[in-house]
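Notes for the structure review
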Amino acid sequence: RRQSHFLRSSLQPHAMPKDTKKSVALWATALCVLLQVAAVSALINTYAVQRIAGTGAPGPTVYRGPAVDSPIDSFGMRAHPITGEVYFIDGSCAISKIDASGNLVVVSGDPTCGIGPIVDPPLGKKRGPPAAQEYTEIYAISFDGSGNLFVAEYGLPGPVWKLDFAMDTTTQIGTIDRVYQIAASPDGTKLYFSGTFTNKVFQRDVALGTDVEVYDGDFNTFVVSPDGAFLWGSKLGLTTVSRVEIATTTATIMVGSGASSPVGTPNGVSPGTAGIIPAFTSITFDRRGNLVIGSDNYIFYYEIAKDAFSLIAGNGATYVEATDLDYNGDSLGTPFSVFDVTASLVSDVIYVDFYDNVNDAGFFRSLTLDLPDAIIAVAPASLAEDSASVATFTVTRTIAHSFPITVNLALSGDAMIATDYTVSGATFASGVATVTIPADVATVTFTVDPSADTSYLESSETVIVTVTASAGVYVVGSPAVATLTITNVAQANGDPHMIGFQGQVYDFIGEAHKIYNVLSDPALQVNMQLYLQRTGEHSFVPGPVMQKLGFATMHHQIVIDCGGSLKDENGTVTIDGRPLAQEGSIALPDDKVTIVRRSLNTNAKAVGLGGNDHVVGSAHFVMEGLFEFTVYFIENVGNPHRPDVVSDSKWHRRFLDFNSVLLDSERRPHGVLGQTAAPVS
């Protein structure tokens, strides 16, 4: 039976009897056209390999205890589309599976029917639940998307059965003359089949029992695409894979050149001398809609969207080994070759049926995709609440698979999203979010931008993002938690009120027109000049406010002036006496200083400890690694007791306000604000 899956020929009108299975190795050597190819670069997807059934030695199947301890005689395997369990043709007369506990379970038929010559079975066999079904010679099986199993027996004609495990029923859906292979459509309405008497593939309408030819091309193995629109298959004797559009019966070669071997090498595989690839013998879809392709000595992976053909396992010898992977100490000899492959549709696992054609024995192995660790980090780990910078969170997978993955995140911490910060690149809802890492990429980022806060007596706040589990997609690695600390900033406001670098709150009462030192440091001096706000010819707002802020660096002087009391006396920014335009910026590399001026028009914006202020502009001063100041131009018109109301008065009450950030936590400046940088004991 087995060699016809490898070597079917139109010159051989009758199937070989079972007792000729031992000759398959010789037939394979004599008839398969071999290709000399260079070593194929391994996929970035790597796999852990484990034997899950069979001992590799002949003998009766044991249905009690682990499947790995029992000999096994399989003639094809398929993974259940919903549970992921492996079902296989057990001998000739039964269907068995490996259950979730790793044990062998007979689900249909009688595995003790024995081995003998192929007999054309009569029609009208016993019907009933799958467990009670009787078979003579099972030759092919296939699942539809709902988990119904189609079973085809070999004969002239051979019956075809539909096993509905959910309803516990068995239904015959006609016969096929000497079936070779079957493949069910995902919706279960169509069954595709080929026979040893023909090179064609037919489509059977399961409900009507009618057959239509869809391909005349001698497929050695074929499978239906997940959308049911295409057949994918490999021609006898060639390392090519073709796609047949079922609606039009149009065939397109997708892998290989289509020429006879050794010219017909697969895409991405160049002629060479490192090994040999026999013709493809089995093909299946995995959960990602890509193809797993088996040959005698190799297992390949074809990513359809990328048109990428790569090696999963195989070393060119008769006995297939996964590239750069061990087999958990198994040492089962060299007569074994790949007979069939199937893939789980619920997890990243590929199952391989290895068979010893000489001793009539085999075993199954699983190739489970190595899962990456998912980790997270943030830089910088601390930002001031009014910083011009953002914090970047980086989510990393330790293996950059050839497909995208989605990472689950949980948000916590005492900082409030939308109030204390905003997020770009990820959407958090009810404290959870997901980010997608693209195919072939290891990392993805999103940013957190702290917001200016109106509650100035609060302590530092945190944004905590944690990677949470996603079974079968990744392992939660370390670090799994990234914490951003949003620090409160030192500010001066209004009279001016002050908040120190350590959160101290105090008033500085100075005299109008006097100059006071705000911050004194070897690299920077910051002074402020106070004045009284005028509301009329002879009226003023009690209490001085800031009119000017001066920044003296080693090489430059910057003066920020709020402007005068009259309508047209607007604020200015000058560098060494030269004005800086609105929306302008300048870099002073000799002092590592950058200054950016922006115009704003934000009504009723609360700044500092003040109330409703009309912010008309800002100037952002940064001395790299040391200090950061954001200076606000405040302009109010009219009633000083109603600063939110703008009138037509010619008198404009202008003043400055600022936020200051100490970028070097070890810095110890002086001045009425700078002295607050020292830790509070």
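Residues numbered from 1 in each chain as written. Predicted model: local features only at pLDDT ≥ 70, side-chain atom pairs only at ≥ 80, totals over all residues. Heavy atoms only, no water.

Regarding the overall build of the chain
Scanning the chain from terminus to terminus reveals two helices and 50 strands. Expressed as a percentage of the 681 residues in the chain, the buried residues total 52%. Taking the intrachain contacts of the chain between residues at least 6 apart in sequence as the baseline, contacts between residues at least 24 apart amount to 54%. Carbon and sulfur atoms form 54% of the exposed surface of the chain, whose accessible area is close to 27,700 Å². (Helix = DSSP H or I, 4+ residues; strand = E, 2+ residues; numbered from the N terminus. Buried < 20%, exposed > 50% of the residue type's maximum accessible area, 1.4 Å probe, protein only. Contact = heavy atoms within 4.5 Å. Areas by Shrake-Rupley, 256 points an atom, 1.4 Å probe, with all protein chains shown as cover.)

Description of the environment of Phe 363
Within the fold, Phe 363 resides in strand β26 (residues 361-369). Sequence separation between Phe 363 and Pro 71 is 292 residues, and the spatial gap between their C-alpha atoms is 7.5 Å.

Some words on the sheet that holds strand β30 (residues 405-412)
Working definition: the strands of a sheet are paired by backbone hydrogen bonds and lie parallel or antiparallel to each other. Spatially, the five strands line up as an open sheet ordered β28-β36-β34-β30-β32, and their pairing is mixed. Of all the strands in the sheet, just β28 (382-384) and β32 (432-437) have a single pairing partner and so form its edges. Taken over all neighbouring pairs, the strand axes of this sheet differ in orientation by 25 degrees on average, direction set aside. Both strand β34 (residues 461-468) and strand β36 (residues 481-487) contribute to a ladder of six bridges, which runs antiparallel. The residue of β36 that forms the bridge with Ile 464 is Thr 483. (Pairing = 2+ DSSP bridges. Axes fitted to C-alpha atoms, helices over the stretch in contact; angles between N-to-C directions.)

Focus on unusual backbone geometry
Of note, the bond from Leu 156 into Pro 157 is cis; its omega dihedral lies within 30 degrees of zero at 0 degrees. Structurally, Pro 157 is set in the loop between β8 (149-153) and β9 (158-164). Geometrically, the link from Ser 478 to Pro 479 is a cis peptide bond, its omega value of 5 degrees lying close to zero. Note on placement: Pro 479 falls in the loop between β35 (475-476) and β36. With a phi close to 55 degrees, Asp 168 is a non-glycine residue in the positive phi region. Residues other than glycine seldom take positive phi values, yet Thr 249 does so here, at roughly 60 degrees. On the secondary structure map, Thr 249 appears in the loop between β17 (241-245) and β18 (250-255).

Overview of the pairing of strand β14 (residues 211-216)
When strand β13 (residues 200-205) meets β14, the two strands line up antiparallel, connected through five bridges. Paired with Val 201 across the two strands is Tyr 215, which belongs to β14. The antiparallel hairpin formed by β13 and β14 contains five residues in its connecting segment, where Gly 209 sits at a positive phi of about 80 degrees.

Details of empty space enclosed by the protein
Applying the stated criterion across every chain yields a total of three cavities of 30 Å³ or more. Its boundaries defined by the atoms lining it, the second largest cavity holds a volume of some 90 Å³. In this structure, the second largest cavity is lined by 13 residues; those nearest its centre are Tyr 47, Asp 286, Asp 348, Val 349 and Ile 350. Its residues assigned to classes, the lining of the second largest cavity shows seven nonpolar, two polar and four charged. (1 Å grid on protein atoms, 1.4 Å probe; cavity = no way out; pocket = protein on both sides within 12 Å on 5 of 7 lines; lining within 4 Å. Points joined across faces, edges and corners; volume = space filled by probe spheres on them. Nonpolar A, V, L, I, M, F, W, Y, C, P; charged D, E, K, R; others polar.)

Some words on the sheet that holds strand β16 (residues 230-235)
Here we have four strands laid out as an open sheet, ordered β15-β16-β17-β18, and antiparallel in their pairing. Two strands close off the open sheet at either side, each with one partner strand: β15 (219-224) and β18. With strand direction ignored, the average angle separating the axes of adjacent strands in the sheet is 30 degrees.

Details of the nonpolar core
One finds Phe 393, Val 407, Leu 409 and Phe 446 to be the most contacted residues of the largest nonpolar core, which totals 46 residues. Ranked by the residues each element gives to this core, the list is headed by β30, at four residues. Those residues in contact with Val 407 that sit more than four places away from it in its chain are Ala 374, Val 395, Ala 433, Thr 434, Val 435, Ile 437, Val 467 and Tyr 474. If you look at the next biggest cluster of nonpolar residues, it comprises 42 residues, including Val 518, Leu 530, Leu 549 and Phe 551. (Core = buried A, V, L, I, M, F, W, Y, C linked by side-chain atoms within 4.5 Å.)

Considerations on the pattern of salt bridges
Pairs can form between side chains of opposite charge whenever their charged atoms are close. Enumeration according to the criterion identifies 11 salt bridges in this entry. Here Glu 303 makes a salt bridge to Lys 306, at a shortest N to O gap of 3.8 Å. Lys 514 serves as the salt-bridge partner of Glu 511, at 3.3 Å between the closest nitrogen and oxygen. On the accessibility criterion, Glu 511 (48% relative accessible area) is partly exposed. The exposure class assigned to Lys 514 is partly exposed, which follows from its relative accessible area of 39%. Here the salt bridges share partners, and the residues they tie into one network are Arg 287, Arg 288 and Asp 348. (Salt bridge = Lys/Arg side-chain N within 4 Å of Asp/Glu carboxyl O.)

A short note on the layout of surface pockets
Roughly 460 Å³ of internal volume is contained in the second largest pocket. Taken together, 27 residues form the lining of the second largest pocket, with Phe 143, Val 223, Val 224, Phe 285 and Leu 345 sitting closest to its centre. Looking at the lining of the second largest pocket, the elements that each hand over two or more residues are β3 (74-79), β7 (138-143), β11 (179-184), β15, β20 (280-285) and β24 (336-343). Of the residues belonging to the lining of the second largest pocket, the class tally is 16 nonpolar, seven polar and four charged.

Let's talk about the pairing of strand β27 (residues 373-379)
The alternating pattern of β27 places Ala 374, Ile 376 and Val 378 on a buried face, while none of Asp 373, Ile 375, Ala 377 and Ala 379, on the opposite face, is buried. Bridging between β27 and strand β29 (residues 391-397) involves six bridges; their strand directions are antiparallel. By the bridge assignment for β29, Ile 376 is matched with Val 395.

Looking at the environment of Pro 438
Relative to the assigned elements, Pro 438 resides in the loop between β32 and β33 (443-450). Given the relative accessible area of 39%, Pro 438 is considered partly exposed. Along the chain, Pro 438 and Thr 406 lie 32 residues apart, while their C-alpha atoms are 8.8 Å from each other. With near-sequence residues (within four places) excluded, Pro 438 lies in contact with Arg 397, Phe 403 and Pro 404.

Comments concerning the confidence of the model for the chain
Confidence in the prediction of the chain, expressed as mean pLDDT, is 77, and 74% of residues score 70 or more. Low pLDDT, under 50, characterises residues 1-43; the stretch is placed with 131 contacts to residues that sit more than four places away or in other chains. Below pLDDT 50 for its whole length, residues 259-276 participates in 57 contacts with residues either more than four positions away or in separate chains. (pLDDT = per-residue confidence, 0-100.)

Quick look at the packing of aromatic side chains
Inspection of the entire model under this criterion finds 21 aromatic pairs. Each ring, one from Phe 551 and one from Phe 629, has its centre 5.3 Å from the other, and the planes form 75 degrees; the classification is edge-to-face. Of this pair, Phe 551 sits in strand β42 (residues 545-552) while Phe 629 is found in strand β49 (residues 627-637), placing the two residues 78 residues apart along the sequence. For the residue pair Phe 551 and Phe 629, the accessibility class agrees, reading buried in each case. An aromatic cluster is defined as three or more aromatic residues linked by ring pairs; in this entry it consists of Phe 75, Tyr 139, Tyr 154 and Phe 339. In this arrangement the basic side chain of Arg 243 is found over the ring face of Phe 230, its NZ or CZ atom lying 4.8 Å from the centre. Directly above the ring of Phe 403 sits Arg 288, whose terminal nitrogen or CZ lies 3.4 Å from the centroid. (Phe/Tyr/Trp six-rings, centres within 6.5 Å; stacked < 30°, edge-to-face > 60°. Lys NZ or Arg CZ within 6 Å of the ring centre and 35° of its normal.)

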